[in-house]
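Here's the letter readout for the chains.
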Amino acid sequence: MDNKSIAQLLAETADLLEIGAGDPFRIRSYRRAAEAVENSTEQLSSFVNEPSRLLEIPGIGKGMAANIQEIETRGSMKLRDELLITYRPTMLELLKLPGMGPKTVALLWEALQVSDVEQLQAAIDTGKLATLPRFGQKLIEKLQRGIAEYHRNSGRFLLDDAEAAAERVTLYLEQFKGIERVMPAGSLRRGRETVGDLDLLVTGPACAEEAVAAAVEYTAAYPPIAELLAKGQNKVSFRLRSGLQVDVRLLPEASYGAALQYFTGSKMHNVSLRQRALKRGYTLSEYSLARLDDGTVVAAAAEEEIYKALGMDWIPPEIRENQGELEAAAEHRLPRLIEQIDLRGDVHMHTQATDGRNTILEMAEAGIARGYQYIAITDHSKNLAMTNGLDDQRALEHMQRIREVDAQMDGRIRVLTGIEVDILGDGAIDLSNEVLAQMDVVIASVHSLFQQPKEQMTERLLKALENPYVRILGHLTGRLLLRRDAYEIDLTAVLKQAARLGVAVEHNADPNRLDLCDIDLRRAREMGCKIVINTDSHHISSLDMMRYGIRQLRRAWLAKEDVLNTRPVDEFLAGLRPRPLA
DNA sequence: GCCGTTTTCGGCCCGACTGTTTTCAGTCG
């Protein structure tokens, strides 16, 4: 079992213990262990029979090592099984609703025998929920919004999970002689944050018509298959244990490009493209681009040929959403989308001083390993007490240590000083201007803002941006955009203010964001906002999440020149909002 | 349940804020 699955089972156990009002410290141990497992760079399954190596991981003791071994051998553990007899697995889903914590889940179960989202909806509809203590109109409205959101997202899988699954299937398929290319199509290729099911297109000599039967049999024998859904002449559909459906299509090389184009979508992009083909006297299908009059195939083996035959440049999959890309491709004015290699720095990360796992030095070395010319250390400020956030005094001391590490680096990488400050209830920043004035990178974040009355969110954001030392509005595309409707944030006003004041807006590289923000990022650029992309890493391994973020920027049509941290360090700093003169 | 010792058990990130309150429980980060 992979680390992520093990971590998930441990985290679930923690959730169940919490619903059962278990020892809070024991619960925390399970959460810590889950985090440690997920952050581990090594596959635990490879040395699960060497308890001493498991024990080396901080947060894993004797008991947890035994739990992990049990999970590895039989897919679950005793405590979890026992808890699942007492509580329903669907309660874990209930926990995902905003405003819903373990205490409330327990109360719903005791008072109303409500254990899943549908029953909760029923309890709201019949008015039973309102009879419970603490359930006023506002809380119920909040839950109602959460349920709607839940239904929108259920059934889809996160990009990184889908990508990992695709990589494993690909490795398996490529072992078959005569399979030469395996390419994910569909929303995964387009880089969407969530993926409904996985389309894998396979080609090579083994996929030729006369040979394909053996390759189909091999595909259907993929060991992790939980349920074989269909096995046809050149298509195999199955479901993995996670519930993810995978469709594998084995195609002759001659029509591979047409199939790739067709199955990549999006639907609207394809509809428009086919209309365009018709106007020019062609017909486009999943097999080929052919002339309408005599059926002669014009292009089929490669995507590039198809677009070219229609008078267009090849269109990157991330922007195939029928939002102007066809016109731009026909007029040869598609932007050259940003690539990971364009990035020179990551300017939002945490260390052991607050809630990060690594030291300043380790983060710097990790930055060098990823080819960066600069990073910024931006630990939390005091308002985020649970992270051991820095107050003025500690922030200054930390800044001094960052400078020392920077000097130590001897020019191999620049380590910028920084801080991630919180926006308080009145729009003020929780550290003094004297301290902020000394930092290279000041990111204002919205962590606490969501706990405040939604009527004042916009106003408070605007006020926070007025602080002359705030240089980046943090988590714009993380928390802010995704929750803007529920909190009635006037995004246009916020972006306008950021553009006017020269505050850069931050995109967080994170595969675990449901829903899309590409349109809003495009708007941010069009409104003249400077854009930075960061990982907000708390561990060196999460620096690699950048690749997801890059794909999200590509979906927003962003080119290298649209993103501030593609520039050399001096230009980057000069591109940030200028500090007021002392 | 983990850890670090004061080697056998006590400590383990906590503060802001909401919605319901009439003094606070629960959630969030």
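Rules and cut-offs
Within every chain, residues take consecutive numbers counted from 1 along the sequence as written. To label them, take the chains in the order written and letter them from A, then take the ligands in the order written and number them from 1. In keeping with the predicted nature of the model, local features appear solely for residues at pLDDT of at least 70, side-chain atom pairs appear and are counted solely at 80 or more, and the whole-chain, interface and lining totals rest on all residues. To obtain the side-chain values, all non-hydrogen atoms of the structure were used and water was disregarded. A run of H or I in DSSP becomes a helix once it reaches four residues, and a run of E becomes a strand once it reaches two; helices and strands are each numbered from the N terminus. For the radius of gyration, the atom set is restricted to C-alpha positions; the globular benchmark scales as 2.2 Å times the number of residues to the power 0.38. Only protein chains enter the accessibility calculation, which uses a 1.4 Å probe; a residue is then buried when its area is under 20% of its type maximum, exposed when over 50%, and partly exposed in between. Shrake-Rupley sampling with a 1.4 Å probe provides the accessible areas, and residues are treated as covered by the protein chains on show and by no other component. As used throughout, the charge tally considers Lys and Arg to be positive and Asp and Glu to be negative, leaving His and the chain termini uncounted. Charged side chains are reduced to one point each, which is NZ for Lys, CZ for Arg, CG for Asp and CD for Glu. DSSP calls a pair of strands paired once it identifies at least 2 bridges connecting them. Where helices are involved, their axes are fitted lines through C-alpha atoms of the stretch in contact, as for all axes, and angles between N-to-C directions lie from 0 to 180°. By the convention used here, residues are in contact when the closest approach between their heavy atoms is within 4.5 Å. In this document the domain limits rely on a domain assignment from an automatic tool or a database. To qualify as a nonpolar core, a set must consist of buried Ala, Val, Leu, Ile, Met, Phe, Trp, Tyr and Cys residues joined through side-chain atoms within 4.5 Å. A pair is scored as a salt bridge if a Lys or Arg side-chain nitrogen falls within 4 Å of a carboxyl oxygen belonging to Asp or Glu. By construction, the arc corresponds to the directions joining the helix axis to the C-beta atoms. Grid spacing is 1 Å over the protein atoms alone, the probe is 1.4 Å, and a cavity is where that probe fits but cannot get out, while a pocket is an open set with protein on both sides within 12 Å along at least five of seven lines and lining residues have an atom within 4 Å of a point. Grid points are joined across faces, edges and corners, and a volume is the space filled by probe spheres set on the points. Note that Gly is not counted as nonpolar here; it falls among the polar residues with everything else outside the nonpolar set of Ala, Val, Leu, Ile, Met, Phe, Trp, Tyr, Cys and Pro and the charged set of Asp, Glu, Lys and Arg.

### Describing the overall build of chain A
Summing up its helical and strand segments, chain A has 25 helices and 17 strands in all. Against the 2.2 N^0.38 benchmark of 25 Å for 582 residues, chain A shows a C-alpha radius of gyration of 26 Å, consistent with a compact globule. For chain A, the C-alpha atoms occupy an extent of roughly 75 × 60 × 55 Å along the three principal directions. Burial statistics for chain A: of 582 residues in total, 52% are counted as buried. As displayed, chain A offers around 26000 Å² of accessible surface, 50% of which is attributable to carbon and sulfur atoms. The centroid of the 72 positive side-chain charges in chain A is displaced by 2 Å from the centroid of its 85 negative side-chain charges.

### Some points on the sheet that holds strand E7 (residues 245–251)
Sheet strands pair by backbone hydrogen bonding; their relative direction is either parallel or antiparallel. Read from one edge of the open sheet, 5 strands run E2-E4-E7-E6-E5, paired in mixed fashion. With partners counted over all chains shown, the strands left at the sheet margins are strand E2 (181–184) and strand E5 (225–231), one partner each. Strand after strand, the sheet turns through a mean of 20° between neighbouring axes, direction not considered. When E2 meets strand E4 (residues 198–203), the two strands line up antiparallel, connected through 4 bridges. When the sheet's bridge partners are listed, methionine 183 is paired in E4 with leucine 201. Here helix H13 (residues 256–264) sits on the sheet in contact with E2, E4 and E7, set at roughly 175° to E4.

### Regarding the domain arrangement of chain A
When the parts come together, some accessible area is lost, and that loss is often what is quoted as the size of the interface. Here the domain parsing of chain A yields domain 1 (3–153), domain 2 (157–251), domain 3 (257–330) and domain 4 (340–575). Look at where the C-alpha atoms of domain 1 and domain 2 centre, and you get two points 31 Å apart.

### Considerations on the nonpolar core
Within the largest apolar cluster, 60 residues are counted, with the highest numbers of intra-cluster contacts made by Ile375, Val415, Ile419 and Val505. Ala33, Met77, Leu108 and Phe135 belong to the second largest nonpolar core, which has 48 residues in total.

### So, the pattern of salt bridges
This model, assessed by the stated rule, comprises 33 salt bridges. Between arginine 31 and aspartate 15 there is a salt bridge; the shortest N-O distance is 3.1 Å. Note that arginine 31 is positioned in helix H2 (residues 24–39) and aspartate 15 in helix H1 (residues 3–19), a separation of 16 residues in sequence. Of the residues examined, arginine 31 reaches a relative accessible area of 30% and is grouped as partly exposed. Across the pair arginine 291 and aspartate 294 runs a salt bridge whose closest N-O atoms are separated by 3.6 Å. One continuous salt-bridge network, built from bridges that share partners, spans Glu163, Glu318, Arg547, Arg551 and Arg554.

### Looking at unusual backbone geometry
Of note, the bond from glycine 265 into serine 266 is cis; its omega dihedral lies within 30 degrees of zero at 0°. With respect to the helices and strands, serine 266 occurs in the loop between H13 and helix H14 (267–279). Here histidine 332, not a glycine, exhibits a phi torsion of approximately 55°, which is positive. Looking at the secondary structure, you find histidine 332 in the loop between helix H16 (325–330) and strand E11 (345–346). Its identity as a non-glycine residue notwithstanding, aspartate 410 has a phi of 60°, on the positive side.

### A closer look at helix H20 (residues 457–466)
Here H20 has its buried residues at Met457, Thr458, Arg460, Leu461, Ala464 and Leu465. For H20, the buried positions fall inside an angular range of 165° around the axis, keeping them on one side.

### What to know about the pairing of E4
Counting buried residues along E4, 6 of its 6 residues qualify, which places the element largely inside the surrounding structure. Alternating positions in E4 separate into two faces, Leu198, Leu200 and Val202 on one and Asp199, Leu201 and Thr203 on the other, with burial throughout. Both E4 and E7 contribute to a ladder of 6 bridges, which runs parallel. When the bridges of E7 are listed, leucine 201 appears paired with arginine 249.

### Looking at the layout of surface pockets
Approximately 390 Å³ is the volume found for the second largest pocket. Lining the second largest pocket are 16 residues, and of these Ala36, Ser40, Ile57, Pro58 and His539 sit closest to its centre. For the lining of the second largest pocket, the element with the most residues is H2, which contributes 4 residues. Residues belonging to the lining of the second largest pocket are distributed by class as follows: 5 nonpolar, 5 polar and 6 charged. Both domain 1 (3–153) and domain 4 (340–575) contribute no fewer than three residues apiece to the lining of the second largest pocket.

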